Amino acid sequence: AQSVTQLGSHVSVSEGALVLLRCNYSSSVPPYLFWYVQYPNQGLQLLLKYTSAATLVKGINGFEAEFKKSETSFHLTKPSAHMSDAAEYFCAVSDRGSARQLTFGSGTQLTVLP
Amino acid sequence: ETGVTQSPTHLIKTRGQQVTLRCSSQSGHNTVSWYQQALGQGPQFIFQYYREEENGRGNFPPRFSGLQFPNYSSELNVNALELDDSALYLCASSLGGDRYGYTFGSGTRLTVV
């Protein structure tokens, strides 16, 4: 079964600083990988996805992530944090069975300090 | 295009009762998945429906059941509610699975007392 580990349940950065949220997956076959963002009392919004094309994936709101097979990682970055980036971020990997369901990490709460 | 809509947004039920949650998938999406998100945790896969048939199931007991209708809308039914069923229930729709990504609704917050 797939699993996802997000290092750091809480990350704080200053406004304008680099955002780095870490995600490692366990899989013998490179899966599809996703980053979702969740604002309070809302559902999940897709930031970006990796589907076996370019290893550097650009998403919405200035976020990007790099797939590194050798490190089984898919870390999310943004060069300059905005106050509006404060939210919970989830990394997810899809199963290669018939349902292709998503297995999520436990999430990282990002706080942006003024 | 409309997104994924879920109803109701909030619900309070008593232990032992039954509940039905509803989801209208994004226009054209034929695959619907349901997830349970307990407080402070990531969503956990309950099951998926593709063209009205269950297409996969997570580690949830049979008292969690579902339906998908010809218009691809869906229901999640939970019988014999337990306190631990209190969670945010998320519906996600997709056109053909993970390659295209899943569009999530805003969820139904279920509280069991």
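Above this note sits the structure.
Residues numbered from 1 in each chain as written. Chains lettered and ligands numbered in written order. Predicted model: local features only at pLDDT ≥ 70, side-chain atom pairs only at ≥ 80, totals over all residues. Heavy atoms only, no water.

A. Examining the interface of chain B and chain A more closely. Taken residue by residue, the interface counts 20 residues in chain B and 21 residues in chain A. The tally of links between chain B and chain A comes to zero salt bridges. At the boundary of chain B and chain A, one finds three residue pairs in polar contact (both at pLDDT 80 or more). Going through the elements one at a time, β4 (31–37), β5 (44–50), β6 (53–57) and β9 (87–94) of chain B are the ones with two or more residues in the side of chain B that touches chain A. (Contact = heavy atoms within 4.5 Å. Salt bridge = Lys/Arg side-chain N within 4 Å of Asp/Glu carboxyl O. Polar contact = N/O pair within 3.5 Å; in protein donor to acceptor, adjacent residues only side chain to side chain. Helix = DSSP H or I, 4+ residues; strand = E, 2+ residues; numbered from the N terminus.)

B. Examining the pairing of strand β7 (residues 64–68) of chain B more closely. All names here are of chain B. Covered by surrounding structure in β7 are Phe 64, Gly 66 and Gln 68 only, the residues Ser 65 and Leu 67 on the alternate face being uncovered. In this sheet, strand β8 (residues 74–78) lies alongside β7 in antiparallel orientation, the contact comprising five bridges. Paired with Gly 66 across the bridge in β8 is Leu 76. Counted along the chain from β7 to the antiparallel partner β8, the turn is five residues long, and its residue Tyr 72 has a positive phi close to 75°. (Buried < 20%, exposed > 50% of the residue type's maximum accessible area, 1.4 Å probe, protein only. Pairing = 2+ DSSP bridges.)

C. Layout of the sheet that holds strand β3 (residues 19–24) of chain B. All names here are of chain B. The four strands are arranged β1-β3-β8-β7 in an open sheet whose pairing can be described as antiparallel. In this open sheet, the two edge strands, each paired with only one partner strand, are β1 (5–7) and β7. Strand-to-strand twist across the sheet, computed as the mean angle between neighbouring axes with direction ignored, equals 20°. As paired elements, β3 and β8 share five bridges and run antiparallel to each other. By the bridge assignment, Cys 23 is partnered in β8 with Ser 74. (Axes fitted to C-alpha atoms, helices over the stretch in contact; angles between N-to-C directions.)

D. Inspection of the state of the cysteines at higher detail. This structure, assessed with the given rule, holds two disulfides over all chains. Linked covalently through their sulfurs, A:Cys23 and A:Cys91 form a disulfide whose S-S length is 1.9 Å. With the S-S bond torsion at -60°, the cross-link from A:Cys23 to A:Cys91 turns out left-handed. Taken together, the residues span a long stretch of sequence, with A:Cys23 in the loop between β3 (19–21) and β4 (24–26) and A:Cys91 in strand β10 (residues 87–94) at a distance of 68 residues. Neither residue differs from the other here; A:Cys23 and A:Cys91 are each classed as buried. Here B:Cys23 connects covalently by a disulfide to B:Cys91, the sulfurs 1.8 Å from one another. Of note, the bridge from B:Cys23 to B:Cys91 carries an S-S torsion of about -65° and is left-handed in sense. Taken together, the residues B:Cys23 in strand β3 and B:Cys91 in strand β9 connect sequence positions 68 residues apart. Summarising the burial analysis for this pair, B:Cys23 and B:Cys91 share the class buried. (Disulfide = S-S within 2.5 Å.)

E. How the structure looks around the environment of B:Ser94. Residues and elements named next belong to chain B. Mapped onto the elements of the fold, Ser 94 is located in strand β9. Residue classification places Ser 94 among the buried positions, given a relative accessible area of 0%. Measuring from C-alpha to C-alpha, the distance between Ser 94 and Val 4 comes to 9.9 Å, with 90 residues separating the pair along the chain. Setting aside residues no more than four positions away along its own chain, Ser 94 makes contact with His 29, Asn 30, Thr 31, Gly 101 and Tyr 102.

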